[in-house]
Amino acid sequence: MRESTQVVWFSPPHPVRGTLLAALGGTCWGFSGTAAQLLTADMGVPVAWITPVRLCMAAVVLLAVCALKCPDKMTALVRDRATMGRVALFALLGVLFTQFSYLSAIAYTNSGTGTMMERLGLLLIMGYTCVRARRLPRGREALGVAVALLAVFLMATQGDPSTLSISAAGFGWGLMAALAMAFYTLLPAKPLAKYGSLVVPAFAMAIAGVAALGLTRPWTMEVNVTPQVIAVMAVMVLVGTVGAYLMYLQGIADAGPVRASLAGCMEPVSAMVISALWLHTSFSGFDVVALVLILAMVVLVTVPSKPQGQSG
């Protein structure tokens, strides 16, 4: 069932258009990861500076869109203290934690590896679902866990169990990014159901951005803010954050959450391809196999199996 509060940019819904938009949104997210790699690795911009600046810039744009599309929901959410408290929790444990851990994973590895590690959060979501339902993982889910563990092994060791090809910091931040993704997905369910999938993330980004400003104080950092840095940040926010998010939302409205989530898996693919073409990041055959395994894991744990007796 789709949310009645979903912000839809086109009508009527169209599954093919929605699938394409969700895939394009995932591609833009992958581009965002590569832009982050460029900022941290080539331009020397620290994650502690990128995180608050990106969140605040994205929040300003999204809040402006909300003011144009749904000002009544903005006012209602501000007056709803209980829900705003949940949004604040989502902002800190979901949005801020996700941004900082994901960007840190990229800084210590690369955009392709960091994005693949983040996708492992689906396993945590699956585990949480099993615990709440008081059941063991089903056959497809258990296979998804095995496939994901094999992917992590290949990424971390490049097939040689005696060595670790990813730095300990990169591996640790990748796991933190996976945990953050689980928080990001699970925490906002009730606020989203009540106020929709545009207003809640806009306020969450604003809260997370302000919190990040207070924690990192980016104005105290010696960052050489060149025109190139400004340009990359602007494209990262407009294309890789706001544009990606709005396209993905329309994809959900048009094609439904399952198709959209699968199409959104273009993110790790695009992150790897764009990083290789743009930044000339090298990836081994083991990395490519790990990517395929991660995508297989996503299908296994997200696509429901057909009920017994159902054909075709």
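Every value quoted in this text rests on a predicted model; they were computed, and no experiment measured them.

Undergrad: Could you clarify how one ought to interpret the overall build of the chain in this entry?
TA: Helices and strands together make up the secondary structure of the chain, namely 14 helices and 0 strands. Listing each helix as α and each strand as β along the chain from the N terminus yields α-α-α-α-α-α-α-α-α-α-α-α-α-α. Rg of the C-alpha trace for the chain: 19 Å, near the compact-globule value of 20 Å for 312 residues, within the 12% margin. Overall, the chain is about 60 × 55 × 35 Å in size when its C-alpha atoms are taken along their principal axes. Within the span of the chain, comprising 312 residues, buried residues form 49% of the whole. Put simply, 86% of the contacts in the chain that link residues at least 6 apart link residues at least 24 apart. For the chain, the exposed area adds up to about 14,600 Å²; of that, 68% sits on carbon and sulfur atoms.

Undergrad: Explain the pattern of salt bridges to me, please; I cannot follow it from the model alone.
TA: Pairing of side chains with opposite charge becomes possible as their charged atoms draw close. For the coordinates displayed, the defined rule picks out 3 salt bridges. Note that Arg119 is salt-bridged to Glu267, the shortest N-O span being 2.9 Å. Taken together, the residues Arg119 in helix H5 (residues 111-119) and Glu267 in helix H13 (residues 266-278) connect sequence positions 148 residues apart. The same class applies to Arg119 and to Glu267, which are both buried.

Undergrad: Can you help me understand the packing of aromatic side chains in this one?
TA: To describe a pair of aromatic rings, you give the distance between the ring centres and the angle between the ring planes. This structure, assessed with the given rule, holds 5 aromatic pairs. Ring centres 5.1 Å apart and planes at 55 degrees place the aromatic pair Phe90 and Tyr184 in the tilted group. Of this pair, Phe90 sits in helix H4 (residues 81-108) while Tyr184 sits in helix H8 (residues 168-186), and the two are 94 residues apart along the sequence. Exposure remark for Phe90: the relative accessible area of 3% places this residue in the buried category. Given the relative accessible area of 29%, Tyr184 is considered partly exposed. Note on Phe100 and Trp173: the rings are 5.5 Å apart at their centroids and 70 degrees apart in plane angle, and the pair reads as edge-to-face.

Undergrad: Teacher, can you tell me more about unusual backbone geometry here?
TA: Of all residues except glycine, most have a negative phi; of all peptide bonds, most are trans. With a phi close to 55 degrees, Gln158 is a non-glycine residue in the positive phi region. With respect to the secondary-structure elements, Gln158 resides in the loop between helix H7 (139-157) and H8. Not every positive phi belongs to a glycine, and Arg217 is a case in point at roughly 45 degrees. For Arg217, the location among the structural elements is in the loop between helix H10 (199-216) and helix H11 (227-255). Owing to a relative accessible area of 47%, Arg217 belongs among the partly exposed residues under this scheme.

Undergrad: Sorry, what's going on with the environment of Phe183 here?
TA: In this structure, Phe183 sits in helix H8. Between the C-alpha atoms of Phe183 and Ile125, which are 58 residues apart in sequence, the distance is 8.5 Å. Setting aside its immediate chain neighbours within four residues, Phe183 contacts Leu93, Gly94, Phe97 and Pro188.

Undergrad: I keep staring at a nonpolar patch on the surface and nothing clicks. Help me out?
TA: A cluster of nonpolar side chains, namely Leu89, Leu92 and Leu93, defines an oily patch on the protein surface of about 240 Å² accessible area. One can find Leu92 in helix H4.

Undergrad: What should I look at first to understand the state of the cysteines in this one?
TA: Two cysteines whose sulfur atoms are joined by a covalent bond form what is called a disulfide. Considering all chains together, one arrives at 0 disulfides under this definition. The structure places no disulfide on Cys56, whose sulfur is separated from the nearest cysteine sulfur, that of Cys66, by 16 Å. Given a relative accessible area of 22%, Cys56 falls into the partly exposed group. Cysteine Cys66 remains unbridged, with the sulfur of Cys70 as its closest cysteine sulfur at 4.6 Å.

Undergrad: Just checking my understanding: could you explain the packing of helix H3 (residues 71-79) against H4 for this structure?
TA: The packing of two helices is summarised by the inter-axis angle and the distance between the axes. Running from N to C, H3 and H4 point in directions that differ by 95 degrees, and their axes come no closer than 5 Å. As far as their axial angle goes, H4 and H3 are roughly perpendicular. Contacts between H3 and H4 involve Leu77, Val78 and Arg79 on the former and, on the latter, Arg81, Thr83, Met84 and Val87. Residues that form the contact of H3 with H4 fall into these classes: 4 nonpolar, 1 polar and 2 charged.

Undergrad: Please clarify how the packing of helix H1 (residues 15-42) against H13 should be interpreted in this entry.
TA: With their axes 7 Å apart at the nearest point, H1 and H13 run at an angle of 45 degrees to one another. Taken together, the axes of H1 and H13 lie oblique to each other. Between H1 and H13 the crossing geometry is right-handed. Contacts between H1 and H13 pair Ala23, Gly26, Thr27, Trp29, Gly30, Phe31, Thr34, Ala35, Gln37 and Leu38 from the former with Met266, Glu267, Ser270, Ala271, Ile274, Ser275 and Trp278 from the latter. Looking at the contact of H1 with H13 residue by residue, the class counts come to 9 nonpolar, 7 polar and 1 charged.

Undergrad: It is not clear to me how H7 should be interpreted in this structure. Could you clarify?
TA: Because each turn of an α-helix spans 3.6 residues, side chains separated by three or four positions in sequence point in the same direction. In this model H7 runs 27 Å from its N-terminal to its C-terminal C-alpha over 19 residues, within 8% of the 27 Å that 1.5 Å per residue would give. Within H7, burial applies to Glu141, Gly144, Val147, Ala148, Ala151, Val152, Leu154, Met155, Ala156 and Thr157. The inward-facing, buried residues of H7 contact H5, helix H6 (121-133), H8 and helix H14 (285-302).

Definitions and limits used
Residues numbered from 1 in each chain as written. Predicted model: local features only at pLDDT ≥ 70, side-chain atom pairs only at ≥ 80, totals over all residues. Heavy atoms only, no water. Helix = DSSP H or I, 4+ residues; strand = E, 2+ residues; numbered from the N terminus. Rg over C-alpha atoms; globule rule 2.2 N^0.38 Å. Buried < 20%, exposed > 50% of the residue type's maximum accessible area, 1.4 Å probe, protein only. Contact = heavy atoms within 4.5 Å. Areas by Shrake-Rupley, 256 points an atom, 1.4 Å probe, with all protein chains shown as cover. Salt bridge = Lys/Arg side-chain N within 4 Å of Asp/Glu carboxyl O. Phe/Tyr/Trp six-rings, centres within 6.5 Å; stacked < 30°, edge-to-face > 60°. Patch = residues over 30% accessible without salt bridge, like charges linked within 9 Å, V, L, I, M, F, W, Y side chains within 5 Å. Disulfide = S-S within 2.5 Å. Axes fitted to C-alpha atoms, helices over the stretch in contact; angles between N-to-C directions. Parallel < 35°, antiparallel > 145°, perpendicular 65-115°, else oblique. Nonpolar A, V, L, I, M, F, W, Y, C, P; charged D, E, K, R; others polar. Left-handed = near helix turned anticlockwise from the far one by under 90°. Expected span 1.5 Å × (residues − 1).

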